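# A look at the structure
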Amino acid sequence: MLTRGFDAAHRTTPVGWVLRAVVSAHVVAIVGQPVFAGAYLTGDFDSLRWHAVGADVVTSIGYLQVIVAIVVWIGLRQVWPFLATMAVVTAETVQYVAGLDGALWLHIPLGVMTIVALVVLFIAVWRRPLLRRPREARDA
């Protein structure tokens, strides 16, 4: 198993490393969101401002991740990072709007699901080699 992880890192292309970097930054940013929300709920009202700023950062990184995932799709002929990114970013966008509207019944559970989905995506991009697929393997 250790050899497989090393092999994945060793064979990954530069655009694959960019995707890994953006997904990693996305995970770091999103993990702060429940911390700020929890601090706000315990009475630290300044944390709501940090939560709002964090939401803007997370959303911006998510949209950047969409662009990188498109480059991976076109350049490496791998569509799964794009599809997974679109699912996460769509959920993030809905969750963002729900937070702005004060719909906490949707905002909180969707936020939890979004974090879990992004962590799963993080694991996937770090475990698999991100390299160019041959043209005939594209439809597989």
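Attention in this report is confined to the structure presented alongside it.

This paragraph deals with the packing of aromatic side chains. Applying the stated criterion across every chain, the model contains five aromatic pairs. Ring centres 5.8 Å apart and planes at 75° place the aromatic pair Y40 and F45 in the edge-to-face group. Given the relative accessible area of 59%, F45 is considered exposed. Here the guanidinium or amino end of R20 rests over the ring plane of W126, the centre of that ring lying 4.9 Å away. Above the face of the W80 ring, R128 is positioned so that its terminal group lies 4.6 Å from the ring centre.

This paragraph deals with the side chain of Q33. Looking at the element boundaries, Q33 is found in helix α2 (residues 14-41). What Q33 contacts, discounting residues up to four positions off in sequence, is W50, H51, G54, A55 and V58.

Next up on the list: α2. A rise of 1.5 Å per residue sets the reference length of α2, with its 28 residues, at 40 Å; its end C-alpha atoms lie 42 Å apart and thus fit the reference within 8%. Directly after α2, the chain includes G43, whose backbone phi takes a positive value near 115°.

Counting residues in each nonpolar core, the largest one holds 16 residues, and the members touching the most others are L19, L118, V125 and L130. Taken together, the elements giving at least two residues each to this core come down to α2, α3 (46-76), α4 (80-100) and α5 (104-127). In this structure, L19 is in contact with Q65, V68, A69, V72, P81, V125 and L130, ignoring residues within four places of it in sequence.

Let us now look at the packing of α3 against α4. Relative orientation of the contacting elements α3 and α4 amounts to 160°, with a least axis distance of 9 Å. Between α3 and α4, the interaxial angle falls into the category roughly antiparallel. In this structure, α3 meets α4 at a crossing whose hand is left-handed. Listed contacts from α4 to A55, D56, V58, T59, G62, Y63, Q65, V66, A69, I70, V72 and W73 of α3 are P81, F82, T85, M86, V89, E92, T93 and Y96. Of the residues belonging to the contact of α3 with α4, the class tally is 13 nonpolar, five polar and two charged.

By secondary structure assignment, the location of S24 is in helix α2. Accessibility expressed as a relative area gives 19% for S24, which makes it buried. Distance from S24 to V125, taken between C-alpha atoms, is 9.5 Å for residues 101 residues apart in sequence. Discounting residues that sit within four places of it in the chain, S24 has contacts with F122 and W126.

On to the side chain of T59. Residue position: T59 is located in helix α3. Accessibility expressed as a relative area gives 13% for T59, which makes it buried. Those residues in contact with T59, other than ones at most four positions away along the chain, are E92 and Y96.

Before going further, it helps to examine the packing of α4 against α5. At their nearest, the axes of α4 and α5 sit 9 Å apart, and the two run at 160° to each other. Our classification of the angle between α4 and α5 gives roughly antiparallel. Once α4 is placed against α5, the crossing between them reads as left-handed. Along its contact with α4, which presents W80, A84, T85, V88, A91, E92, V94, Q95, A98 and G99, the element α5 presents L106, H107, L110, G111, T114, A117, L118, L121, A124 and V125. A breakdown of the residues in the contact of α4 with α5 according to their chemical character gives 13 nonpolar, six polar and one charged.

Here is what the cut-offs are and how they apply
- Residues numbered from 1 in each chain as written.
- Predicted model: local features only at pLDDT ≥ 70, side-chain atom pairs only at ≥ 80, totals over all residues.
- Heavy atoms only, no water.
- Phe/Tyr/Trp six-rings, centres within 6.5 Å; stacked < 30°, edge-to-face > 60°.
- Buried < 20%, exposed > 50% of the residue type's maximum accessible area, 1.4 Å probe, protein only.
- Lys NZ or Arg CZ within 6 Å of the ring centre and 35° of its normal.
- Helix = DSSP H or I, 4+ residues; strand = E, 2+ residues; numbered from the N terminus.
- Contact = heavy atoms within 4.5 Å.
- Expected span 1.5 Å × (residues − 1).
- Core = buried A, V, L, I, M, F, W, Y, C linked by side-chain atoms within 4.5 Å.
- Axes fitted to C-alpha atoms, helices over the stretch in contact; angles between N-to-C directions.
- Parallel < 35°, antiparallel > 145°, perpendicular 65-115°, else oblique.
- Left-handed = near helix turned anticlockwise from the far one by under 90°.
- Nonpolar A, V, L, I, M, F, W, Y, C, P; charged D, E, K, R; others polar.

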